[in-house]
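Descriptive analysis of the structure
If you want the building blocks of each chain, they are given just below.
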Amino acid sequence: MPSTSPAEPAAGAERLSLGGGLLVALVCLLVSVGALASLPRATDGSAPVAIVFPPWTDGVEAVARSFASGHRVLRSGRFTAIVVVAPTLSGQAPALPKGAWFSLVLAGLAGCLDTPGRTETSS
């Protein structure tokens, strides 16, 4: 009976080299950045917007920062670090709140950032 030492890899198992691992990480990063860049961005303040804060931001802090920068807060989003704000009356969107990563228009996201069971109505 042939014996195998613990140092030998099992049959069919392959190890990824450092260069291969870095290549996989780079491809994952590029795909993620591409997906983020393709999301609808807020441009003129005429539509409700989801402001995305880092996941470790408390919901109360995210709402307070949104109010402080001049946004009219409607509610929290699917996660506490997401704040849904109303369209602006002037058509000019206020600056992004301190600490926020980005803002996205809710249209076309099919409720990904919004809480289930709530809909936006335009008047």
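Structural notes, computed from the coordinates. (Residues numbered from 1 in each chain as written. Predicted model: local features only at pLDDT ≥ 70, side-chain atom pairs only at ≥ 80, totals over all residues. Heavy atoms only, no water.)

Below, the discussion takes up the overall build of the protein. Looking only at helices and strands, the protein has two helices and four strands in total. The linear arrangement of helices and strands in the protein, starting from the amino end, is α-β-α-β-β-β. Residues classed as buried in the protein amount to 28% of the 123 residues present. Across the protein, the fraction of contacts at a sequence separation of at least 24, relative to all contacts at a separation of at least 6, is 69%. (Helix = DSSP H or I, 4+ residues; strand = E, 2+ residues; numbered from the N terminus. Buried < 20%, exposed > 50% of the residue type's maximum accessible area, 1.4 Å probe, protein only. Contact = heavy atoms within 4.5 Å.)

Turning our attention to the sheet that holds strand 1 (residues 49–52). Within a sheet, each strand pairs with its neighbour through backbone hydrogen bonds, oriented either parallel or antiparallel. Read from one edge to the other, the open sheet built from four strands follows the order 2-3-1-4, with strand pairing classed as antiparallel. Each having just a single partner strand, strand 2 (73–76) and strand 4 (102–105) make up the two edges of the open sheet. Strand-to-strand twist across the sheet, computed as the mean angle between neighbouring axes with direction ignored, equals 25°. Across the sheet, helix 2 (residues 59–68) is in contact with strand 1, strand 2 and strand 3 (82–85); its angle to strand 2 comes to roughly 165°. (Pairing = 2+ DSSP bridges. Axes fitted to C-alpha atoms, helices over the stretch in contact; angles between N-to-C directions.)

Glancing now at the packing of aromatic side chains. For the structure shown, the criterion picks out one aromatic pair. Seen from their ring centres, Trp56 and Trp101 are 5.9 Å apart, and the 80° between their planes marks the pair as edge-to-face. Linking Trp56 in the loop between strand 1 and helix 2 with Trp101 in the loop between strand 3 and strand 4, this pair joins segments that are 45 residues apart in sequence. Residue Trp56 is classed as exposed on the basis of its relative accessible area, which comes to 70%. Given the relative accessible area of 47%, Trp101 is considered partly exposed. (Phe/Tyr/Trp six-rings, centres within 6.5 Å; stacked < 30°, edge-to-face > 60°.)

Core analysis: the biggest nonpolar cluster contains nine residues, these being Val49, Ile51, Phe53, Ala62, Val73, Ala81, Val83, Val85 and Ala100. Listing elements by their share of this core, those giving two or more residues are strand 1 and strand 3. If we ignore the near neighbours within four places in the chain, the residues touching Ala62 are Phe53, Thr57, Thr80 and Val83. Counting seven residues, the second largest nonpolar core, distinct from the first, contains Val52, Ile82, Phe102 and Leu106. (Core = buried A, V, L, I, M, F, W, Y, C linked by side-chain atoms within 4.5 Å.)

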